[in-house]
Amino acid sequence: IVIHCSYTGISIHAPPRTEKMAVDQDWSSVYPTAAAFKPASVPLPIRMGYPVKRGVPPPKEGNLELIKIPNFLHLTPPAIKKHCAALKDFCTEWPSALDSDEKCEQHFPIEIETVDYVSAGTSIRNPKARVVTLRVKLSNLNLDDHAKKKLIKLVGDRYCKDTDMLTITTDRCPLRRQNYDYSIHLLTVLYHESWKTEMWESEKTEEDMEEYIWENSCSQKNALDTLLRIKASENVSNVTEEELLASEVVKNYRNSVIALKNEGETENNVSQYKESVKKLLNIQALP
Amino acid sequence: MPGEAYCVSISDEPETLYKRLSLLVKGHDKAVLDSYEYFAVLAAKELGISVEKVHKPPKKIERLTLLKSVHIYKKHRVQYEMRTHYMCLELKYLTSSTAAVYLEYVQRNLPEGVAMEVKKTKIEKIPEHIQEPVWDTLPQVEETEVKS
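Residues numbered from 1 in each chain as written. Chains lettered and ligands numbered in written order. Predicted model: local features only at pLDDT ≥ 70, side-chain atom pairs only at ≥ 80, totals over all residues. Heavy atoms only, no water.

(A) Inspection of the overall build of chain A at higher detail. A tally of helices and strands in chain A yields 9 helices and 6 strands. The C-alpha radius of gyration computed for chain A amounts to 39 Å, which surpasses the reference 19 Å derived for 287 residues by more than 25%, pointing to a less compact arrangement than a globule. Projected onto the principal axes, the alpha-carbon positions of chain A cover approximately 135 × 50 × 40 Å. Looking at chain A as a whole, 29% of its 287 residues are labelled buried. Long-range contacts, defined here as pairs at least 24 residues apart, represent 49% of the contacts in chain A between residues at least 6 apart. Counting every atom, chain A has about 19900 Å² of accessible surface; 55% of that belongs to carbon and sulfur. Averaging the locations of the 37 positively and 41 negatively charged side chains of chain A gives two centres separated by 12 Å. (Helix = DSSP H or I, 4+ residues; strand = E, 2+ residues; numbered from the N terminus. Rg over C-alpha atoms; globule rule 2.2 N^0.38 Å. Buried < 20%, exposed > 50% of the residue type's maximum accessible area, 1.4 Å probe, protein only. Contact = heavy atoms within 4.5 Å. Areas by Shrake-Rupley, 256 points an atom, 1.4 Å probe, with all protein chains shown as cover. Lys, Arg positive; Asp, Glu negative; His and termini not counted. Charge placed at Lys NZ, Arg CZ, Asp CG, Glu CD.)

(B) A look at the UniProt feature "domain: Small ribosomal subunit protein uS10" (unreviewed entry) in chain B. Taking the UniProt record as the reference, the feature "domain: Small ribosomal subunit protein uS10" (unreviewed entry) is found at residues 22-119 of chain B. Taken as a whole, residues 22-119 of chain B contains 31% helix and 45% strand, while its terminal C-alpha atoms sit 5 Å from one another. (UniProt positions renumbered as here; feature names shortened; annotations may be inferred.)

(C) Representation of the interface of chain A and chain B. Listed per partner, the contact involves 50 residues of chain A and 48 residues of chain B. Buried surface at the junction of chain A and chain B, summed over both partners, amounts to about 4700 Å²; 66% is from carbon and sulfur atoms. When the buried area of chain A at its contact with chain B is split by residue, Phe72, Trp94 and Val118 of chain A rank highest and sum to 14% of it. Taken together, chain A and chain B are joined by 2 salt bridges. The shortest N-O distance in the salt bridge between glutamate 111 of chain A and lysine 19 of chain B comes to 2.7 Å. Residue assignment for the side of chain A that touches chain B shows that the elements contributing at least two residues are helix H2 (77-87), helix H3 (101-107), strand S3 (110-118) and helix H5 (176-195) of chain A. (Buried area = accessible area lost by both parts, 1.4 Å probe. Salt bridge = Lys/Arg side-chain N within 4 Å of Asp/Glu carboxyl O.)

Structure (structure tokens):
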């Protein structure tokens, strides 16, 4: 309330509301919603701004800096607790049986990731909001050996071998619901196509194989050939191929060759290969 | 205090489950983001949501160098910079109603000049049509000969 005399130009202002405020008042009724900073309603001696030379920052009366910055006076801890107590009725509990990530994955293997964007501007839409990412572990899908290899070949870069995770990212449709339906459709098609065996798949050559298989390879033929010739020169009775294959030395050799080809050359693998070749050809003398 | 009773209707549709909810808040003023972090963490605790972690990715500064004068004077320039501070809040294990309530509360009280990105990770069962390959159940169709 201001009493102003237009003749003399004198105005008498009423004391600000802060003088009448009790210390234990209900603050959430002073600032129930987000509002600008009113120096006459906030009983705090705040100073804000760049200090005058050899002085202090300016006081709160008529301080534009305090009005510009967003304040959280309507969100004091008691006010937040009151709001949450009223909102608690609308919340539901998380099922207690799913308390770890592994259990979630066991019962709900598919993960769908979507992003929402909130910002101030002329438009509330954001074109990035329609992207949907679907992630699933292949061990949770019902696939047999051939189907899994075919799926990995079909999918290419989207499969990560270390985590056994297939990631499908869709953003070709304008709406999020459409992108989600499309990603589920892709998963369905991949799954069913990988179970089919086409006629041309029987022409798979050694270069197409994902991992090295020792049976019916040059390494097996050479090893057996060499061993048969050794046995023939020593004039031992005809040992059959199956017996040779079942013998320890050949099995050792097979394991070391498979390890070398599949896992690459490590110190362990190479030394294992050396030992197995020495045992196979019976040359223990060399270091 | 209003005397009317608020009707809380409970529907029977199964709730979607969110394994993780990641809120990334971006702003120009670090103090505003700090206050907002306190508010969001307290709200999550009051509503019974488990907070996995709160971390602050480093700020990004975008700088521009423009000519100071309207015409000529190429050697005299002025530099502006825009600082964006980030704050990431990760929540675990929410149902869709809890997530809707929390997000609406937190987004309605988002201060001016602050933006938010919410990444939701929903978990689902494998749909029925992917349980078994469909080729086993289809009736045998005779292969039609290709007419050349």
